[in-house]
Amino acid sequence: MCLINLFLDFIPTCNILYIYTKILQMKNIIREKRKLVFGYKRITPKIIRDFSNLIENEVSLLNNKKVSDYYVMYSVDATDNTSFESQSNEIFSENQVIENRNIKKINMRFYTLDNSKNIEIQIVHSIKNENSENFILVSGDYPNWVNGVLSRLTEILNLAEKQPKFKDNSGYLMFLILVLFNVVYFRLFYSFLVNSTSSEILKIFFIIGVPLLSLIYLNKLFAYFDSLWPTIELQTGPNYLQKPKVNRNKAQWILVTIILPLILGLVYDLIKSFFI
């Protein structure tokens, strides 16, 4: 009889423990999750190191609390088809991988095994901004922690130099150059070319073909210039390996020393021809 009473008294206690265990399990079901997609930035080794240092600070806090149930990984993909991984941000140190190789992709990942804290950063050298490959993702059980970490990462990102949006004004510039080219062509060269040939095919080409070819090649030229201003530019490795930066400097030199004087000369000749 005593055993039966003891069993009956034990049942409510078991129920309470069961309910309490379920509550503890449920507290982690809903988590705060924030994602920041970014573009039009020039990412330097300093920005990369600042990102990784923030993650390392979170790791240090866990180590100080004797917590070892976490995972951290840094990975780097270079343009020469080599890849590197490390569980330490020493991979981003000076004179290491990102200083010696041109990098096309970087991924940083940190999370605790109970998913109470999670940080992921992905940076991809991107010509276009269509695939949203570049992002910062922070999630966790504690909204204050999530928002605080995202805010600090955003501050680091804001220190990165902005990448000019070449496409914003390229349409107007292309139209202006196209009109200017065809005005100069028909004003100065068309009559000479047509009068110097008796072929009807060549005459049609001079009337239709030249303007059409100018449009095609101008489109290709502007596509090339667009590639010189990537949406996200990873400025890693020696200067000579940073192709967009090197080609931008070449293009600016050619524009200032050759093309601009030629355009000004053509405009001058065009204006002069109207008054003579």
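A brief look at the structure comes next. No experiment lies behind these values; they were computed from the predicted model shown.

Glancing now at helix H4 (residues 143-158). The first and last C-alpha atoms of H4 sit 22 Å apart over 16 residues, in line with the 22 Å expected at 1.5 Å per residue. For H4, the set of buried residues is Trp145, Val146, Val149, Leu150, Leu153, Ile156 and Leu157. The arc that holds every buried residue of H4, seen down its axis, measures 120 degrees, which confines them to one face. Exposed side of H4, more than 90 degrees from the buried face: Asn144 and Asn158 are the residues found there. Residues of H4 that are buried sit in contact with strand E1 (32-37), strand E2 (41-43), helix H2 (45-64), strand E6 (117-124) and strand E7 (135-140).

Using the criterion set out here, one finds eight salt bridges in the structure. Notably, a salt bridge pairs arginine 31 with aspartate 141, separated by 3.0 Å at the nearest N-O pair. Of this pair, arginine 31 sits in the loop between helix H1 (2-26) and E1 while aspartate 141 sits in the loop between E7 and H4, and the two are 110 residues apart along the sequence. On the basis of relative accessibility, which here comes to 34%, the residue arginine 31 falls in the partly exposed class. Since its relative accessible area comes to 13%, aspartate 141 is described here as buried.

Note on placement: serine 214 falls in helix H6 (residues 200-227). Overall, the relative accessible area of 13% leaves serine 214 in the buried class. Leave out the neighbours within four places in its chain, and serine 214 touches Leu178, Phe181 and Asn182.

Compared with an ideal rise of 1.5 Å per residue, which puts 28 residues at 40 Å, H6 spans 40 Å between its outermost C-alpha atoms and is within 8% of the ideal. Where H6 bends most, at phenylalanine 206, the angle is about 40 degrees. Residues of H6 that are buried include every one of Phe206, Gly209, Val210, Pro211, Ser214, Leu218, Phe222 and Asp226, and no others.

Parameters at a glance
- Residues numbered from 1 in each chain as written.
- Predicted model: local features only at pLDDT ≥ 70, side-chain atom pairs only at ≥ 80, totals over all residues.
- Heavy atoms only, no water.
- Helix = DSSP H or I, 4+ residues; strand = E, 2+ residues; numbered from the N terminus.
- Expected span 1.5 Å × (residues − 1).
- Buried < 20%, exposed > 50% of the residue type's maximum accessible area, 1.4 Å probe, protein only.
- Arc of directions from axis to C-beta.
- Contact = heavy atoms within 4.5 Å.
- Salt bridge = Lys/Arg side-chain N within 4 Å of Asp/Glu carboxyl O.
- Bend = angle between axes of the 7 residues up to and from the residue.

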